[in-house]
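Per-entry structural report
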Amino acid sequence: MTFDSGIRNPQSATRNLLEKPFRRRDLLGIRDLTAAEIIGILDTAENFSEISTREVKKVPALRGKTVINLFFEASTRTRTSFELAAKRLSADAVNISVSSSSVSKGETLLDTAMNLDAMAPDCIVVRHSSAGVPHQLAKVSKAAIVNAGDGANEHPTQALLDAMTIREHKKQIDGLEVAIVGDILHSRVARSNIHLLTKMGAKVRVAGPGTLVPEDFRHLVENGLEVCTHVEDAIEGADVVMILRIQRERQDAAYFPSLREYSIHYGLTNERLDLARKDAIVLHPGPMNRGIEIASEVADSSRSLILDQVKYGVAVRMAVLYLATGGATVNG
Amino acid sequence: MASEFDLVEKSRIMDAAGMKRALRRLATEIVEKNQGAKDLYLVGIRRRGVPLAERLRDKIEALEGEAPLYGILDITLYRDDLSTVGANPVVNRTELVEDIDGKTIILIDDVLYTGRTIRAAMDQLMDFGRPKKVQLAVLIDRGREHRELPIQADFIGKLVPTKQNEIVKVMLKEFDDVEAVGIFERP
């Protein structure tokens, strides 16, 4: 499968990088972005974050634009976050979830997409359990496509909000040591974060049960990625500890003996966190399995920034919708 | 698209000393009209309204012994041409920390031309609350004939009748090498 970055005119997209970062129409993955584009989105998101602190949490920027949230997978946080982001920009947001869609009546994905397209939305936010679905939609749709999670491939807005949280607390990402712990194999959050953090100059260490760390990650070593067998090796000296959810719904086989055993060997406890730097911060993309991948004492401590992540998620998605619907360099 | 480097300066209409005098007079007029600095809230419009607002705040504090409140508006998200300007322009932060309810707002910008920026600024202000009054102070007014909306300034540094193909550029040390106002033209 080839992943189309959505750029119809790649030369002009890169030429204008410095003065106008992020000029792509679609946001399909972090892998396609340059560091300058990532910084452009994060800077924009930081300026959008103030809007959510106002009494009137709404600006007219996207008045008259339509955003469709097309979710083929269950999601509360991400869908709500995108919906609030669209509404705070005055766009009209429509939510379609799989249970209420005609997909369950036998329609193909592309037919669904073309039917939605005929209603002239400006942006389609899509989540699907199969990797590459947003990229396929981007080929047929006139709307800007934003990937809200495709299978185990990417979840770009999650990586962006994680980066925004890190920047708010650590000022910069360059030079930081980041440990990502857990079910790397099934995690689109891990993939997007590894791309983003290494592009931004962080040193990333991943750790998890051998069965849950994919072989294809080992080629990323040259970009600053290190694969650790023991969770302690990954966490030691880290500035940021990112804990992933055990995705039982994606695991079609027994990757580890039991949740209890996983918790004993890989769960983030205060003792393990003590190996990290004193000012280390803890991130988790949610929803948390308390007592499995993260101990309650850690989740509820001041070092855990899980609610900050949710807060910045709205700002990041506002920035992405604003930039994506702004009509990039497509066809000049 | 033409960049700033393509522009030719036709005439210089204000130098650093002239700008200083104009701002001093604006500060005096603002406190005179509003009988002091009490409940005054200076709001600079990004970008070049911001340093002008800072200078006016300092001058008003020197005159009255009391500093007016101060904030910053970024009007990008309230522009009426967002769907026509191509890629969406860069958004900066709005900073209105103090409540604007019941205050006398002095909107401050460098140049008054079509009035569309001021319309956007007023719409944004109203989303923040209900000020008692809103007044407009500009360093340069390009003249009523260019106005596309019924908006006029209450305080004007200098009225400069201009042609439509001319560009008035207020240069400030925060952004440029010099402190001056010039009329420019595309060659």
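Residues numbered from 1 in each chain as written. Chains lettered and ligands numbered in written order. Predicted model: local features only at pLDDT ≥ 70, side-chain atom pairs only at ≥ 80, totals over all residues.

Right, let's get into the overall build of chain A. Helix and strand counts for chain A stand at 12 helices and nine strands. The proportion of buried residues among the 332 residues of chain A is 50%. (Helix = DSSP H or I, 4+ residues; strand = E, 2+ residues; numbered from the N terminus. Buried ≥ 20, exposed ≤ 12 C-beta atoms within 10 Å, placed from the backbone.)

Helix and strand counts for chain B stand at three helices and eight strands. The globule rule puts the C-alpha radius of gyration for 187 residues at 16 Å, and the 16 Å found for chain B is close to it. Its C-alpha atoms give chain B principal-axis dimensions of about 50 × 40 × 30 Å. Considering only contacts within chain B whose residues lie at least 6 apart along the sequence, 71% involve residues at least 24 apart. (Rg over C-alpha atoms; globule rule 2.2 N^0.38 Å. Contact = placed C-beta atoms within 7 Å.)

Attention shifts here to the confidence of the model for chain A. Residue and element names in this part refer to chain A. Looking at chain A as a whole, the pLDDT averages 86, with 87% of positions reaching at least 70. Scored below 50 in pLDDT, residues 1-23 makes 45 contacts in the model with residues more than four places away or belonging to other chains. Here residues 327-332 is a poorly scored stretch, pLDDT under 50, and it has 15 contacts once near neighbours within four places are set aside; other chains count. (pLDDT = per-residue confidence, 0-100.)

Further remarks concern helix α2 (residues 35-48) of chain A. All names here are of chain A. Given a rise of 1.5 Å per residue, 14 residues ought to cover 20 Å, and the 20 Å separating the end C-alpha atoms of α2 matches this to within 8%. Along α2, the residues classified as buried are Glu37, Ile38, Gly40, Ile41, Leu42, Thr44, Ala45 and Phe48. Next to the buried residues of α2 lie α6 (156-170), α7 (188-199) and α12 (306-325). (Expected span 1.5 Å × (residues − 1).)

Okay, the sheet that holds strand β4 (residues 144-150) of chain A next. Sheets are built from strands that pair by backbone hydrogen bonding, the pairs being arranged parallel or antiparallel. All names here are of chain A. Across the sheet, which stays open at both edges, the four strands sit in the order β2-β1-β3-β4 with parallel pairing between neighbours. Bordering the open sheet on either side are β2 (92-97) and β4, each of which pairs with just one other strand. For this sheet the average axis-to-axis angle between neighbouring strands, irrespective of direction, equals 15 degrees. Relative to strand β3 (residues 123-128), strand β1 (residues 66-71) is paired through five bridges, and the arrangement is parallel. When the bridges of β3 are listed, Ile68 appears paired with Ile124. (Pairing = 2+ DSSP bridges. Axes fitted to C-alpha atoms, helices over the stretch in contact; angles between N-to-C directions.)

Residue and element names in this part refer to chain A. For chain A, the domain assignment lists domain 1 (10-154 + 312-325) and domain 2 (156-309). Computed over C-alpha atoms, the centres of domain 1 and domain 2 are 25 Å apart. The interface of domain 1 with domain 2 comprises 25 residues on the first partner and 21 residues on the second. For the side of domain 1 that touches domain 2, the elements supplying multiple residues, two or more each, are α2, β4 and α12. (Domains from an automatic or database assignment.)

As a further point, take helix α5 (residues 133-140) of chain A. All names here are of chain A. A large share of α5 lies buried, amounting to six of its eight residues. Among the residues of α5, Val133, Pro134, His135, Gln136, Leu137 and Ala138 are the ones counted as buried. Tucked inside the fold, the buried residues of α5 contact α4 (109-117), β3 and β4.

Our next topic: the nonpolar core. Side chains of a nonpolar character, in soluble globular proteins, are inclined to be buried together. All names here are of chain A. Counting 145 residues, the largest nonpolar core has Val181, Val241 and Leu321 as the members making the most contacts within it. If one sorts the elements of this core by residue count, α12 sits on top with 11 residues. Lining this core are residues from two domains, each supplying at least three of them: domain 1 (10-154 + 312-325) and domain 2 (156-309). With sequence-adjacent residues up to four places away left out, Val181 is seen in contact with Ala207, Gly208, Val231, Ala234, Val241, Ile243, Leu244, Tyr266 and Leu268. (Core = buried A, V, L, I, M, F, W, Y, C linked by C-beta atoms within 7 Å.)

Residue and element names in this part refer to chain B. Strand order across the open sheet formed by three strands is β1-β8-β7, with antiparallel pairing between neighbours. Two strands close off the open sheet at either side, each with one partner strand: β1 (8-14) and β7 (166-171). The sheet shows a mean angle of 30 degrees between the axes of neighbouring strands, direction not considered.

Let's shift gears to unusual backbone geometry. Residue A:Gly286 is joined to A:Pro287 through a cis peptide bond whose omega torsion reads -10 degrees. By the element assignment, A:Pro287 lies in the loop between β9 (281-283) and α11 (296-299). Across the junction of B:Arg46 and B:Arg47, the peptide omega takes the value -5 degrees, indicating a cis bond. Here B:Arg47 lies in the loop between β2 (40-45) and α2 (49-64).

Another aspect to go through is the confidence of the model for chain B. Per-residue pLDDT for chain B averages 93, and the proportion of residues at 70 or more is 96%. As a predicted assembly, this complex carries a pTM of 0.86 together with an ipTM value of 0.80.

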